[in-house]
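# Examination of the molecular architecture
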Amino acid sequence: MNRIELFRQAVEKLQKNYADEEYMSDMNNWCVVHATKYMPHKNSDGLMFIQSTGMATNFDLPRATVHTTLNHVVKAHGSGSWDDMPIVILSPYKDIVKENGNPAEIAAVDTYWSTNPERGLVLPKSTFVIRPSNDVLFKIDEHGATYKRDNYTEEEVETILKMLNDSDRATYEKYKNGDLKDYEVEEEFRFDERVKKMYDSAKDKKAFLRGLFEESRFDILSHFLRDAVVHMAMEKMHFHELVATSDGSEPVVAIYEAATAAGIKGATSNKGHSYSLYCQMDNLSECVYMYLKGESLTKKDGGIMNAATIGSLVDSISTPSGLPQIFVSEIKRSIMNNTPIDFMKLYETQFMELVSAERVNAQFDLENATRRLEEEIPSWRFPDEARKNTEIEEAKKWQKRATDELKRLSKINTMADFDKNLSDSFRKHTTRLSAEYNAWREKLTKKPDYNKLVEKLKHSFGYSNTVYQGRE
């Protein structure tokens with residue numbers, strides 16, 4: 001039996017073996033999945049690890065978290081698509097925890113760890129790495145797997161096409177034949193005027209489209225093959241794939257309940273991180289970065305530190321940026337008075353503002369849960385005693401979660417109290433940021449028009465005192 005036939009039979013077999021609610025309620029059945037463009041790094045102990053964004057950017061950005069899914073490859077959603085990520089890393093959840101401790105939050109579609117900025121997310125020896133290789137259609141061994149991303153034979157293409165769902169197969173055929181509707185062509189070329197002109201001048205427009213979308217149609221094949229090989233590798237590791245990943249599905253809720261039973265924060269959607277202190281601090285650091293240095297890590301053409309003239313610098317400082325006022329005020333004061341900035345202190349101040357807001361939310365939840373128990377439920381009419389008891393139990397759970405959250409938040413007085421890894425990442429970030437900012441400020445003071453700059457800033461912000469004290 002050739003490898004193509006083995007692949008076909010394996011996929012058909014796997015379609016009958018998916019993870020259900022009962023299966024996902026047991027943490028021993030959890031497989032951590034991380035899709036990425038990059039192979040894992042190796043530490044001095046010979047173990048592989050995944051870098052945090054902080055590590056990968058040399059702490060230009062301090063993001064400390066590494067994100068994964070459970071028992072499936074992350075699917076495209078509002079925050080992006082991972083379909084083109086060629087490398088997929090699989091590790092048993094229990095083994096990941098032994099190396100790194102518990103995750104910061106668990107959800108089927110977003111389980112993430114806050115990582116040590118020196119170590120990243122350390123991968124156990126039981127890890128499988130699935131990566132591209134054009135040697136054979138696919139290969140699975142004891143430590144990993146490979147799959148083709150291009151150079152398919154006609155037989156391989158036909159085999160994969162037969163297994164695609166109707167939508168993907170139709171898209172593939174559309175790209176293969178160049179049969180795009182006018183509105184689809186307009187959509188494709190909306191942001192690329194150069195290619196649009198080439199299309200308009202092409203004599204054989206279908207041939208032009210066939211060439212243009214050749215890579216896109218093979219991406220459909222490689223995406224299917226990648227996910228199929230991931231599924232096969234997962235089965236080899238004795239894990240089942242999770243298919244029912246929508247919010248509130250029974251397996252997703254089972255994961256959440258297992259997490260909370262273990263004393264770990266859980267979520268039933270991909271919004272857990274979005275509402276977390278981690279995400280809010282990530283967003284703040286990105287805002288600081290853009291205000292000071294530019295639009296992105298690779299595009300150094302914005303921000304006050306890249307202003308070309310005094311006028312553009314004054315404009316950049318005074319342009320609304322979304323930064324908390326405390327940061328803008330300190331930057332004004334620093335430039336006017338030629339003094340350094342303690343960025344870590346600013347981040348700590350803003351962090352505690354966020355914690356205070358979280359405390360208010362937790363107190364509000366506690367009051368609502370208590371009102372539900374003491375006032376609302378006693379006044380409701382229930383069809384039977386069982387329904388009433390269910391409502392009471394749910395309200396008690398809500399009350400306990402809010403009480404526990406208040407207790408947790410009451411112990412936080414610094415970023416390190418919340419999470420030492422997050423604090424350490426921000427310290428690395430602010431050490432670098434302060435050095436770069438202060439070097440820029442020193443150069444600024446040596447420019448012949450520096451005094452004019454100070455006067456312009458004072459005039460712009462309505463201050464005439466010699467030393468600006470940061471009053472608003």
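As the structure is a prediction and not an experimental result, all values here were calculated from the model.

On to the overall build of the chain. Helix and strand counts for the chain stand at 19 helices and 10 strands. By principal-axis analysis of the C-alpha atoms, the chain measures approximately 85 × 75 × 50 Å. Within the chain, the proportion of its 472 residues that are buried is 46%. Residue pairs at least 24 apart in sequence account for 72% of intrachain contacts in the chain once pairs closer than 6 positions are excluded. Split by element, the accessible area of the chain, about 25000 Å² in all, is 48% carbon and sulfur. Between the centroid of the 65 positive side chains of the chain and the centroid of its 75 negative side chains there is a distance of 5 Å.

Right, let's talk about the sheet that holds strand β2 (residues 41-42) for a bit. With respect to topology, 3 strands assemble into an open sheet ordered β2-β3-β7, the strand pairing being antiparallel. The two strands at the open ends of the sheet, each matched to only one other strand, are β2 and β7 (121-122). Strand direction decides the pairing type here: β2 and strand β3 (residues 48-50), joined by 2 bridges, are antiparallel. Bridged to H41 within β3 is F49.

Time to look at the environment of I326. Mapping I326 onto the fold places it in helix α14 (residues 325-337). When the C-alpha positions of I326 and Q350 are compared, they lie 8.4 Å apart, and in sequence the two are 24 residues distant. If sequence neighbours within four positions are ignored, I326 has contacts with L346, T349 and Q350.

In this section: the pattern of salt bridges. Per the stated rule, a full pass over the model turns up 25 salt bridges. For the salt bridge of R169 with D166, the shortest nitrogen-to-oxygen distance reads 3.2 Å. Highlighted residues: R169 and D166, both in helix α6 (residues 166-177), separated by 3 residues, approximately one helical turn. By relative accessible area, which is 26% here, R169 ends up partly exposed. With a shortest N-O distance of 2.8 Å, R190 and E187 are connected by a salt bridge. Residue classification places E187 among the partly exposed residues on the basis of a relative accessible area of 45%.

Conventions adopted
Residues numbered from 1 in each chain as written. Predicted model: local features only at pLDDT ≥ 70, side-chain atom pairs only at ≥ 80, totals over all residues. Heavy atoms only, no water. Helix = DSSP H or I, 4+ residues; strand = E, 2+ residues; numbered from the N terminus. Buried < 20%, exposed > 50% of the residue type's maximum accessible area, 1.4 Å probe, protein only. Contact = heavy atoms within 4.5 Å. Areas by Shrake-Rupley, 256 points an atom, 1.4 Å probe, with all protein chains shown as cover. Lys, Arg positive; Asp, Glu negative; His and termini not counted. Charge placed at Lys NZ, Arg CZ, Asp CG, Glu CD. Pairing = 2+ DSSP bridges. Salt bridge = Lys/Arg side-chain N within 4 Å of Asp/Glu carboxyl O.

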